[in-house]
Amino acid sequence: MEKQEYAKLVKRRAARSPALKNCLAAFAVGGGICAFGQCLIALYQVFGLDTKTAGTLATVSLIFLSALLTGIGVFDRIARFAGAGTLVPVTGFANAVVSPAIDNKSEGLILGVGAKIFTVAGPVLLFGTLAGVLYGVVYFIVTRIAALF
């Protein structure tokens, strides 16, 4: 069998991804998480907190809930259904930190949990911080040049 024939065969046999269904699930679940976060902000404001403090507390609450749901195995089932819908909000970051810790707890607190906890989230922190620094430098230079004119 030649390469072109094989490529055609593979293309015919390859399973098609239900892209529309996946996008709708991600949108619904991600939007639901964000709406729940907004409800938490409103709830905290009812208790007299200002908007900034309520927003911070809602973020911490979402992180705690996603870490808890990851720990008891529920978050993974939601993520399997929703895909990126669970990863885009801050809940995805909490899951990325907690999952390696759970997976490596049998190796002990130091060599397991401590050494492996940021294996997934570490690159996000590194490159997110690096991108922020680069953006800040570019912004600083552009504003200085704009101030000259």
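Structural data are supplied above this passage.
Below is a summary of the structure that appears in this document.

Analysis parameters
- Residues numbered from 1 in each chain as written.
- Predicted model: local features only at pLDDT ≥ 70, side-chain atom pairs only at ≥ 80, totals over all residues.
- Heavy atoms only, no water.
- Helix = DSSP H or I, 4+ residues; strand = E, 2+ residues; numbered from the N terminus.
- Contact = heavy atoms within 4.5 Å.
- Buried < 20%, exposed > 50% of the residue type's maximum accessible area, 1.4 Å probe, protein only.
- Polar contact = N/O pair within 3.5 Å; in protein donor to acceptor, adjacent residues only side chain to side chain.
- Patch = residues over 30% accessible without salt bridge, like charges linked within 9 Å, V, L, I, M, F, W, Y side chains within 5 Å.
- Areas by Shrake-Rupley, 256 points an atom, 1.4 Å probe, with all protein chains shown as cover.
- Salt bridge = Lys/Arg side-chain N within 4 Å of Asp/Glu carboxyl O.
- Core = buried A, V, L, I, M, F, W, Y, C linked by side-chain atoms within 4.5 Å.
- Phe/Tyr/Trp six-rings, centres within 6.5 Å; stacked < 30°, edge-to-face > 60°.

Right, let's talk about the environment of F118 for a bit. Tracing the backbone through its elements, the reader meets F118 in the loop between α6 (109-116) and α7 (121-148). Contacts of F118, omitting those with residues within four sequence positions, involve V97, P123 and L125.

Turning our eyes to something else, we now look at the side chain of T70. With respect to the element layout, T70 can be found in helix α3 (residues 51-71). The class of T70 is buried, set by a relative accessible area of 5%. At a separation of 2.8 Å, a polar atom in the side chain of T70 contacts the main-chain carbonyl oxygen of S66. Ignoring sequence-local partners within four residues, the contact set of T70 consists of F75, N95, V98, S99 and I102.

Together, V133, V137, F140, I141, I145, L148 and F149 give the surface a local cluster of nonpolar side chains, amounting to about 780 Å² of exposed area. Topologically, V137 is positioned in helix α7.

With that settled, consider the nonpolar core. Soluble globular proteins: nonpolar side chains tend toward being buried together. Ranked by size, the top nonpolar core spans six residues in total: L40, I41, Y44, A54, A58 and L62. If you list the elements that add at least two residues to this core, you get α2 (19-46) and α3. Residues within four places of L40 in sequence aside, it is in contact with A58, S61 and L62.

What follows concerns the packing of aromatic side chains. Evaluation of the coordinates by the stated rule reveals one aromatic pair. Judged by centre distance (6.2 Å) and plane angle (20°), the rings of Y135 and Y139 are stacked. Of this pair, Y135 and Y139 both sit in helix α7, four residues apart, which is roughly one turn of the helix. Y139 shares its class with Y135; the two are exposed.

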